[in-house]
Amino acid sequence: MLDFISQPWPWYVAGTLIGLIVPTLLILGNKAFGISSSLRHICAACIPAKLPFFDYDWRKESWNLWFVGGIVVGGFIGGSLLKNPAAMIIAPDTLHSLQALGIRDFTSGLLPTDIFNWGNLFTAKGLVFFILGGFLVGFGTRYARGCTSGHAIMGLSNLQWPSLVATVSFMIGGFAMTHLGMPYLMRWVGL
Amino acid sequence: MVLTGKSEEKIAPVATRTKVANWKFGLVGVFFGIVFVKAEVISWFRIQEMFRLDSFHMYGIIGTAVVIGIISVFLIKRLNIKTLQGDPITITPKQFSKGQIYGGLMFGFGWAITGACPGPLFAQIGAGYSVVIVSLLSAIAGTWVYGALQKYLPH
């Protein structure tokens, strides 16, 4: 059994389980599935700076902070106790494209250590992959009023057309960055 | 639409109405985090595969989740299912704003670079990729800057 669990889970299992979060949160307490709001609540709690956007009672939304705190714990369990002992299998075409862009580490885990290590923090790699990337995620999701969970899953589940607009925009942005932006960025950071 | 018999049955035991403690949402988060890691949703490589159309994995996950979500929301509305506290389930409709396009594109750029949307950022940190704490702090800063600039941006 543990053997089965420690292997990577197939898409239909994961998709079903993630989809079931929608009714679970609704039934547990009328909560709409959404994660990026937690970033706003953290701002409202820690650095509101008298901005109207952060002037609300974040304590009423504290369930959301428990939820993301739980995700950290779940990430720990999935990455330690239930860790997949084998190297991950990457699609050969993606592997070759990334090799051409300068990535060398395909075996140590779910993220390439060429990019994701503390030694890169104060380098161009850190500036692009941690600072710029993270900033765009935080700014973009709030500007769009939701992320993959709030729009692509919760919004589409409730057949909301603005969420479809958002989801399509997310994908266009991702395709554009992957194919047009990243070749330049990767060269610039010296991968 | 009207299934009074059934819904009254469900309303009945609500005499002992209790507030659901927040830790239950924490528990759902734990479960969600495990799924994220085990299905490799938190993998930078899987996001690259998705944007390079080299793998069906992420499309399968998001597609299945949406189908399950649509069926669930449909059933909740159709059967008039209540929350555990006995309240009617309400879902706030999403308002359109141009931010869904501009902000959506910006998030897409960030998604491809970091290989993570906000949920996986939290799960990556838990799974031991501690440097992602920096990305998360930068995402919080991004949210803050949006809050500061909101009135100057087209919506």
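Please read these numbers as outputs of a predicted model, since none were measured by experiment.

When its secondary structure is counted, chain A shows eight helices and zero strands. Helices and strands appear in chain A in the N-to-C order α-α-α-α-α-α-α-α. Across its three principal directions, the C-alpha atoms of chain A cover 45 × 45 × 35 Å. Within chain A, buried positions represent 54% of all 191 residues. In chain A, of all internal contacts separated by at least 6 residues, the share reaching a separation of at least 24 is 53%. In chain A, 11 side chains carry a positive charge and 7 a negative one; their mean positions are 10 Å apart.

Looking at the element boundaries, Glu 49 of chain B is found in helix H3 (residues 44-51). Along the chain, Glu 49 of chain B and Gly 26 of chain B lie 23 residues apart, while their C-alpha atoms are 30 Å from each other. Not counting residues within four places of it along the chain, the set of residues in contact with Glu 49 of chain B comprises Ile 89, Ile 90, Ala 91 and Thr 94 of chain A together with Asp 54 and Ser 55 of chain B. From its side chain, Glu 49 of chain B meets the backbone nitrogen of Ala 91 of chain A in a polar contact 2.7 Å long.

The next subject is helix H4 (residues 62-79) of chain A. Taking 1.5 Å per residue, 18 residues should reach 26 Å; H4 of chain A reaches 26 Å between its end C-alpha atoms and fits that length. Buried within H4 of chain A we find Ser 62, Trp 63, Asn 64, Phe 67, Val 68, Gly 70, Ile 71, Gly 74, Gly 75, Gly 78 and Gly 79 of chain A. Contacts from the buried residues of H4 of chain A go to helix H2 (11-29) and helix H3 (37-46) of chain A together with helix H2 (23-38) and helix H6 (118-126) of chain B.

A word on the packing of H3 of chain B against helix H5 (residues 99-114) of chain B. Residues and elements named next belong to chain B. Two elements in contact, H3 and H5, have axes whose closest approach is 8 Å; the angle formed by their N-to-C orientations is 125°. Considered as vectors, H3 and H5 are oriented oblique to each other. Residues Trp 44, Ile 47, Gln 48, Met 50 and Phe 51 of H3 form the contact with H5, whose own contacting residues are Trp 111, Ala 112, Ile 113 and Thr 114. Within the contact of H3 with H5, the residues separate by chemical class into seven nonpolar, two polar and no charged.

Here the focus is the confidence of the model for chain B. All names here are of chain B. Taken as a whole, chain B shows an average pLDDT of 90; of its residues, 87% reach a score of 70 or greater. For the stretch residues 1-18, pLDDT sits under 50, and the model shows twelve contacts to residues farther than four places along the chain or on other chains. Here the prediction assigns the complex a pTM of 0.92, and the interface score ipTM is 0.96.

Maximum bend of helix H8 (residues 161-189) of chain A: about 55°, positioned at Gly 181 of chain A, with proline Pro 183 of chain A one to four residues after it. Among the residues trailing H8 of chain A, Gly 190 of chain A stands out with phi positive, at a value near 80°.

What counts and how
Residues numbered from 1 in each chain as written. Chains lettered and ligands numbered in written order. Predicted model: local features only at pLDDT ≥ 70, side-chain atom pairs only at ≥ 80, totals over all residues. Heavy atoms only, no water. Helix = DSSP H or I, 4+ residues; strand = E, 2+ residues; numbered from the N terminus. Buried < 20%, exposed > 50% of the residue type's maximum accessible area, 1.4 Å probe, protein only. Contact = heavy atoms within 4.5 Å. Lys, Arg positive; Asp, Glu negative; His and termini not counted. Charge placed at Lys NZ, Arg CZ, Asp CG, Glu CD. Polar contact = N/O pair within 3.5 Å; in protein donor to acceptor, adjacent residues only side chain to side chain. Expected span 1.5 Å × (residues − 1). Axes fitted to C-alpha atoms, helices over the stretch in contact; angles between N-to-C directions. Parallel < 35°, antiparallel > 145°, perpendicular 65-115°, else oblique. Nonpolar A, V, L, I, M, F, W, Y, C, P; charged D, E, K, R; others polar. pLDDT = per-residue confidence, 0-100. Bend = angle between axes of the 7 residues up to and from the residue.

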